[in-house]
Amino acid sequence: MESLNQKQGLLQTGTNAYLIFKKDLLQEFKTRYALNAIFLFALVTLFAVSFAIGTFNASSDILSALLWIILFFASMSGLSHIFVREEEAHTADTLKLVAKPTEIFLGKLIFNIVLLFMVELLVVPLYVAIMNFTIYHILLLAAALLFGTFGLAGGGTIVAAIIAKSNARGALFTVLAFPILLPVLVTGISVTKNAATEKLFSNPVSELQSLFAFAIVIITAGILLFDFIWNE
Amino acid sequence: MVNKLLKIGLFLILSLVIIGAFIYAPLAKGLGEFTRVLYFHVPMAWITVVAFFIGAVYSILYLKKKEHKYDLYAETANQLGFLFVVLATVTGSIWAKMSWGSFWNWDPRETSIFILMLVYAAYFALRSAVEQADRRASLAAVYDIIAFVTVPFFVFIVPRIYASLHPDPLINTQGKIHMSPKMQLVFFTSLFSYTMVFVWMLIMRIKMIKLKLKLKEMEQ
Amino acid sequence: MQPVYVVLIINLIIWAGIFGFMFNTDKKISSLSVKLERLNRDKNI
């Protein structure tokens, strides 16, 4: 009986998280604020970098570092929007009434993950094409992007929740998120370097494991701590 | 009285540690005179971890009990931790200059301690950006816990993946200590007495905070 | 004099300074807390 209740509770949480995700998605498609911000940021930096370096001059070390820097700062420009919007439109209180904090956090997290995936789907192939970046192990790069996105979105969502409650919203987000998400950046760059060399020069499994572990840790911490921020 | 004796005892012990580090302890092979910085650098790094840990514990306590004093304790522990992380960086940098040839060359250890400083600088930036006291307290507490959760990735995982020139930390995978007995004596006394200095500092700060809170209470 | 001894003496002086400062501060804090207690008591009476 008890396990049935638990199962029902879990189902309820999942459904509500999905509903919040759907609501955010609909709202996003009405204005396309975050998507535009991230995508244009990535595009502009990509073309600036390509213009400055030229097509054949950069080594794979530099190219893999630049790819992650572009993705990281592009996501920094849009991930915070999801909570700042609720605070600015004063819809946060209504949201508090209809859903539990965990459901809200999960919904917003899924939204951010999907948003980042959409951007990556557009930007990474473009980057590879424009910068003449040869990738030998495409699956490895895909795995790094997958786990890296979970880490970036997890950290970005919880920091976004923090800064939405503070007074200085714009400037603070990058300052707070950057040091926390640096392990993702460092390991992501290293795995990408690995994927761009014909013969793997280090064992990518341990790096992927650490990316995965980071994503799990930051998302768990986010779920546990979100209550305290949201009800503030 | 006992208090005073303890403090004077601490003064004597740490003076002995300093003298021991410079005169009594033998030098490690291949490192020459630079071994001596070990007796100061490792305690600083150790206290950094302890201080940030205490800060995280107070942050958790704040989120559980919502008492204003725990927020102030967490802040003060993190401030002390920041002081010691700067000291650890400076002593480590001196050692790096002597044995690796440059003050800063982005060894994984150096990178990780730099990020550690960035994280806690961001923590103080967050504190200064929120005006309402209770809101600042809970936001800072949450950020502190997230920061502390990610610290192991810098301190333990990143240096494991990338080859580092840094000698094995105190807690290494083999669980061995590569030191002669004389060095061990000075080293562990140093570790102990510096920790005591830190504890004294923390107690003093906490007393000050309590005084301030009491004063505020009386004014009302 | 060897450079080691010079550094040693500088170190000892710095430590003595830090200790003196901390000792003094501790004393001040104690006296302040005693004063505060007394004030509190007078107020209650």
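Residues numbered from 1 in each chain as written. Chains lettered and ligands numbered in written order. Predicted model: local features only at pLDDT ≥ 70, side-chain atom pairs only at ≥ 80, totals over all residues.

S.K.: What is the right way to read the overall build of chain C from this model?
M.R.: A tally of helices and strands in chain C yields 1 helix and 0 strands. Projected onto its principal axes, the C-alpha positions of chain C cover 65 × 5 × 5 Å. Scored against the burial criterion, the 45 residues of chain C give a buried share of 0%. (Helix = DSSP H or I, 4+ residues; strand = E, 2+ residues; numbered from the N terminus. Buried ≥ 20, exposed ≤ 12 C-beta atoms within 10 Å, placed from the backbone.)

S.K.: I keep staring at the overall build of chain A and nothing clicks. Help me out?
M.R.: Of the regular secondary structure elements, chain A holds 9 helices and 0 strands. Listed by position from the N terminus, the elements making up chain A come as α-α-α-α-α-α-α-α-α. Projected onto its principal axes, the C-alpha coordinates of chain A cover approximately 60 × 40 × 30 Å. In chain A, which comprises 232 residues, the share counted as buried stands at 43%.

S.K.: Help me out: how do you make sense of the packing of helix α6 (residues 101-130) of chain A against helix α9 (residues 204-230) of chain A in this one?
M.R.: Helix packing for two helices is described by the angle between their axes and how far apart those axes are. All names here are of chain A. In the contact formed by α6 and α9, the axes pass within 9 Å of each other and the chain directions differ by 125°. It follows from the interaxial angle that α6 and α9 lie oblique. Crossing handedness for the pair α6 and α9: right-handed. In contact with Pro101, Thr102, Ile104, Phe105 and Leu109 of α6, α9 contributes Ile219, Gly222, Ile223, Phe226, Asp227 and Trp230. Its residues assigned to classes, the contact of α6 with α9 shows 8 nonpolar, 2 polar and 1 charged. (Axes fitted to C-alpha atoms, helices over the stretch in contact; angles between N-to-C directions. Parallel < 35°, antiparallel > 145°, perpendicular 65-115°, else oblique. Left-handed = near helix turned anticlockwise from the far one by under 90°. Contact = placed C-beta atoms within 7 Å. Nonpolar A, V, L, I, M, F, W, Y, C, P; charged D, E, K, R; others polar.)

S.K.: Would you mind going over the environment of A:His81 with me for this structure?
M.R.: Secondary-structure assignment places A:His81 in helix α4 (residues 81-88). Each C-alpha atom, one on A:His81 and one on A:Gln209, is 30 Å from the other, the two residues being 128 residues apart in sequence.

S.K.: Could you clarify how one ought to interpret the arrangement of the chains in this entry?
M.R.: The protein chains that touch form 2 pairs of chains, and the pair with the most contacts between them is chains A and B. Across all C-alpha pairs, the smallest distance from chain A to chain C is 32 Å, and the two are not in contact.

S.K.: When you look at the interface of chain B and chain A in this model, what are you seeing that I'm missing?
M.R.: Often, the extent of an interface is quoted as the loss of accessible area on bringing the components together. Contact with chain B, which involves 25 residues of that partner, is made by 25 residues of chain A. Every element with two or more residues in the side of chain B that touches chain A is listed here: α4 (108-129) and α5 (133-161) of chain B. The element best represented in the side of chain B that touches chain A is α5(B), accounting for 15 residues. Taken together, the residues that form the side of chain B that touches chain A break down as 21 nonpolar, 2 polar and 2 charged.

S.K.: Before we go on, may I ask you to explain the nonpolar core in this structure?
M.R.: Most often, soluble globular proteins keep nonpolar side chains buried together rather than apart. Of all hydrophobic cores here, the largest spans 126 residues; its most connected members are A:Ile162, A:Leu176 and B:Tyr143. For A:Leu176, the residues in contact, after removing those within four places along its chain, are A:Val159, A:Ile162, A:Ile163, B:Ala122, B:Leu126 and B:Tyr143. (Core = buried A, V, L, I, M, F, W, Y, C linked by C-beta atoms within 7 Å.)

S.K.: When you look at the interface of chain B and chain C in this model, what are you seeing that I'm missing?
M.R.: In this complex, chain B contributes 15 residues to the contact, which on the side of chain C involves 16 residues. When residues of the side of chain B that touches chain C are traced back to their parent elements, those giving at least two are α1 (2-24) and α6 (181-219) of chain B. A per-element tally of the side of chain B that touches chain C places α6(B) first, with 8 residues.

S.K.: What should I look at first to understand unusual backbone geometry in this one?
M.R.: Across residues other than glycine, the phi torsion is negative in most instances, and most of the peptide bonds are trans. Residues and elements named next belong to chain B. Although it is not a glycine, Lys66 sits at a positive phi angle of roughly 55°. The residue Lys66 is located in the loop between α2 (38-65) and α3 (68-99) in this model. A residue is classified by how many C-beta atoms lie within 10 Å of it, and Lys66, with 14 of them, is partly exposed. At Trp106, a position not held by glycine, the phi torsion is positive, near 55°. Positionally, Trp106 belongs in the loop between α3 and α4. Judged by C-beta crowding, with 9 C-beta atoms within 10 Å, Trp106 ranks as exposed.

S.K.: When you look at the environment of A:Leu19 in this model, what are you seeing that I'm missing?
M.R.: Residues and elements named next belong to chain A. Tracing the sequence through the fold places Leu19 in helix α1 (residues 2-31). Judged by the 14 C-beta atoms lying within 10 Å of it, Leu19 is partly exposed. When the C-alpha atoms of Leu19 and Glu103 are compared, they prove to be 9.2 Å apart, with 84 residues separating the residues in sequence.

S.K.: I keep staring at the packing of α1(B) against helix α1 (residues 3-44) of chain C and nothing clicks. Help me out?
M.R.: Contact geometry of α1(B) with α1(C) gives a least axis separation of 10 Å together with a crossing angle of 165°. Relative to α1(C), α1(B) is oriented roughly antiparallel. Handedness of the crossing formed by α1(B) with α1(C): right-handed. Residues B:Lys7, B:Phe11, B:Leu14, B:Ser15, B:Ile18, B:Ile19 and B:Phe22 of α1(B) form the contact with α1(C), whose own contacting residues are C:Val4, C:Val7, C:Leu8, C:Asn11, C:Leu12, C:Trp15, C:Phe19 and C:Phe23. Among the residues making up the contact of α1(B) with α1(C), the classes are represented as 12 nonpolar, 2 polar and 1 charged.

S.K.: It is not clear to me how α9(A) should be interpreted in this structure. Could you clarify?
M.R.: Across its 27 residues, α9(A) extends 38 Å between first and last C-alpha, which sits within 8% of the 39 Å expected from 1.5 Å per residue. By the largest-angle criterion, A:Leu224 marks the main kink of α9(A), which is about 40°. (Expected span 1.5 Å × (residues − 1). Bend = angle between axes of the 7 residues up to and from the residue.)

Any link to function would need more than the numbers given here.
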